[in-house]
Amino acid sequence: MLRLNKAHYPVTTLGYGKRIGVWFQGCSIHCKDCVSMDTWEPNGGADIAVPALMDWCKAKAAAGGVDGVTFSGGEPFDQPQALNAVLDGLLRWKKRARLSLDLLCYSGYPLKILQARHAGLLRKLDALIPEPYAEHLPEGGLWRGSANQPLITLSPLGAQRYADKDGMAASKRMQLAVEEGKVWMIGIPGREDMARLEALCAARGLDFNQVSWRR
Ligand code: SF4
């Protein structure tokens, strides 16, 4: 069972190509200025059985194709057993269906801690973006929030898709999705982007009464 914040498809702003996004619910790290505070509460979101999540992924892939899966949240490594079960399911599917599917995971834990505690999980990933978001450091490159967060490749496919993409900050994009009566923003915003968006909307008479970037 996985505690899920939201599964998204298609995701085009967090990794290579057209992707599935799996946002874990619950984050114990609480980085200052996190834009996803809605994912912090471990009892938020909803439980989903891993086979049900796999069925959802397969249906999305059959309908529109998929190049990879991005895990974020929330903190995927706060649910290591669930992450392991999803990775195993995806790797089985990838092998059976002969898909060229890369698995990219975000984490706010330092790389050294992940290597010490979760080496088995890292072996199942193609790429990893670890380390906590640091609001006092410069922005990170493409797909990364702050400059301390490296994009680490963990497989030949990961290297092929991600090795030369680290410095492309100019290509950062955000995606909007409207589902379940909510507006979901997918991607890594630039500094002050959310404040600018709020100011622009307010100037047109649209106020946000519940947002994920402050409590
Ligand atoms: S940036 Fe990521 S790791 Fe940091 S508090 Fe937000 S969800 Fe957690």
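Refer to the structure presented above.
Please read all numbers here as calculations on a predicted model, not as lab measurements.

About the criteria used
The residue numbers shown here count from 1 along each chain, following its written sequence. A pLDDT threshold of at least 70 governs which residues receive local features in this predicted model, and a stricter bar of 80 or more applies before side-chain atom pairs are shown or counted, although totals over entire chains, interfaces and linings include all residues. Hydrogens are left out, water is left out, and the side-chain values use all remaining heavy atoms of the structure. The cutoff for a nearby residue is simple: one of its non-hydrogen atoms must lie within 4 Å of the molecule or strand. In the scheme used here, Gly and all other residues not listed as nonpolar or charged are polar, with Ala, Val, Leu, Ile, Met, Phe, Trp, Tyr, Cys and Pro taken as nonpolar and Asp, Glu, Lys and Arg as charged. We count a salt bridge whenever a side-chain nitrogen from Lys or Arg sits within 4 Å of a carboxyl oxygen from Asp or Glu. Helical segments are the DSSP runs of H or I of at least four residues, strand segments are the runs of E of at least two, and each set is numbered from the N terminus. Per-residue accessibility, obtained with a 1.4 Å probe over protein chains only, is compared with the maximum for each type, and a residue is labelled buried under 20%, exposed over 50%, and partly exposed between these values. For this analysis, a ring pair means two rings from Phe, Tyr or Trp (six-membered ring only for Trp) whose centres lie within 6.5 Å, classed as stacked if their planes differ by under 30 degrees, edge-to-face if by over 60, and tilted for the remaining angles. Geometrically, a lysine NZ or arginine CZ counts as sitting over a ring once it is within 6 Å of the ring centre and also within 35 degrees of the ring normal. When we speak of the arc, we mean the arc of directions from the helix axis to the C-beta atoms. By definition, residues are in contact when any of their heavy atoms lie within 4.5 Å. Joining through side-chain atoms within 4.5 Å is the link that ties buried Ala, Val, Leu, Ile, Met, Phe, Trp, Tyr and Cys residues into a set, and such a set is a nonpolar core. Pairing of N or O atoms within 3.5 Å defines a polar contact, subject to two protein rules: one partner must be a possible hydrogen donor and the other a possible acceptor, and residues neighboring in sequence count only if both atoms are side-chain atoms.

1. Here's the deal with the site of the ligand
Thought 1: The full set of residues close to the ligand is Cys-27, His-30, Cys-31, Cys-34, Trp-40, Gly-73, Gly-74 and Gly-108.
Thought 2: Of the residues that constitute the shell around the ligand, the class distribution is 4 nonpolar, 4 polar and no charged.

2. Section: the pattern of salt bridges
Thought 1: Tallied over the full model, the rule gives 8 salt bridges.
Thought 2: With a closest N to O distance of 2.8 Å, Glu-179 and Lys-6 form a salt bridge. Here Glu-179, found in strand β8 (residues 174-179), pairs with Lys-6, found in strand β1 (residues 2-11); they are 173 residues apart in sequence, far enough to count as distant.
Thought 3: With relative accessibility at 31%, the residue Glu-179 sits in the partly exposed group.
Thought 4: Given the relative accessible area of 5%, Lys-6 is considered buried.
Thought 5: The salt bridge involving Asp-193 is made with Arg-196; its shortest N-O contact spans 2.4 Å. Linking Asp-193 with Arg-196, this pair stays in helix α6 (residues 193-203), spanning 3 residues, or about one helical turn.
Thought 6: With relative accessibility at 47%, the residue Arg-196 sits in the partly exposed group.
Thought 7: Via salt bridges that share partners, Arg-19, Asp-102 and Arg-161 belong to a single interconnected network.

3. Structural notes on the packing of aromatic side chains
Thought 1: One pass over the full model with this rule turns up 3 aromatic pairs.
Thought 2: Seen in terms of ring centroids, Phe-24 and Phe-71 are 6.3 Å apart; in terms of plane orientation they differ by 65°. Their pairing is edge-to-face. A residue pair is termed long-range when its members are at least 10 positions apart, and Phe-24 in strand β2 (residues 19-24) and Phe-71 in strand β4 (residues 68-72) qualify at 47 residues. Both residues of the pair, Phe-24 and Phe-71, belong to the buried class.
Thought 3: Aromatic pair Trp-143 and Tyr-162: ring centres 5.4 Å apart, planes at 70°, arrangement edge-to-face. Taken together, the residues span a long stretch of sequence, with Trp-143 in the loop between β6 (127-129) and β7 (152-153) and Tyr-162 in helix α5 (residues 156-162) at a distance of 19 residues.
Thought 4: Relative accessible area serves as the criterion here: at 8%, Trp-143 is assigned to the buried category.
Thought 5: If you follow Lys-6 out to its NZ or CZ, it ends over the ring of Trp-184, 5.6 Å from the centre.

4. Here's the deal with α6
Thought 1: The set of residues buried in α6 consists of Met-194, Glu-198 and Cys-201. Angular distribution of buried residues about the axis of α6 spans 70°; they occupy a single face of the element.
Thought 2: Packing partners of the buried residues in α6 comprise β9 (182-187).
Thought 3: The positive-phi residue at the C-terminal boundary of α6 is Gly-205, with phi of around 85°.

5. Some details on the nonpolar core
Thought 1: Phe-71, Phe-77 and Leu-125 are the most contacted members of the largest nonpolar core, which totals 32 residues.
Thought 2: Elements supplying a minimum of two residues to this core: β1, β2, α1 (50-64), β4, α2 (80-97), β5 (102-106) and α4 (119-122).
Thought 3: Core analysis: the second largest hydrophobic core is formed by 15 residues, Val-11, Ile-129, Leu-151 and Trp-184 among them.

6. Topic: the side chain of Ser-146
Thought 1: By the element assignment, Ser-146 lies in the loop between β6 and β7.
Thought 2: When its relative accessible area of 0% is taken as the criterion, Ser-146 is described as buried.
Thought 3: At 2.5 Å, the side chain of Ser-146 forms a polar contact with the side chain of Asn-148.
Thought 4: Setting aside residues no more than four positions away along its own chain, Ser-146 makes contact with Pro-132, Tyr-133, Ala-134, Pro-138, Glu-139, Gly-140 and Arg-191.

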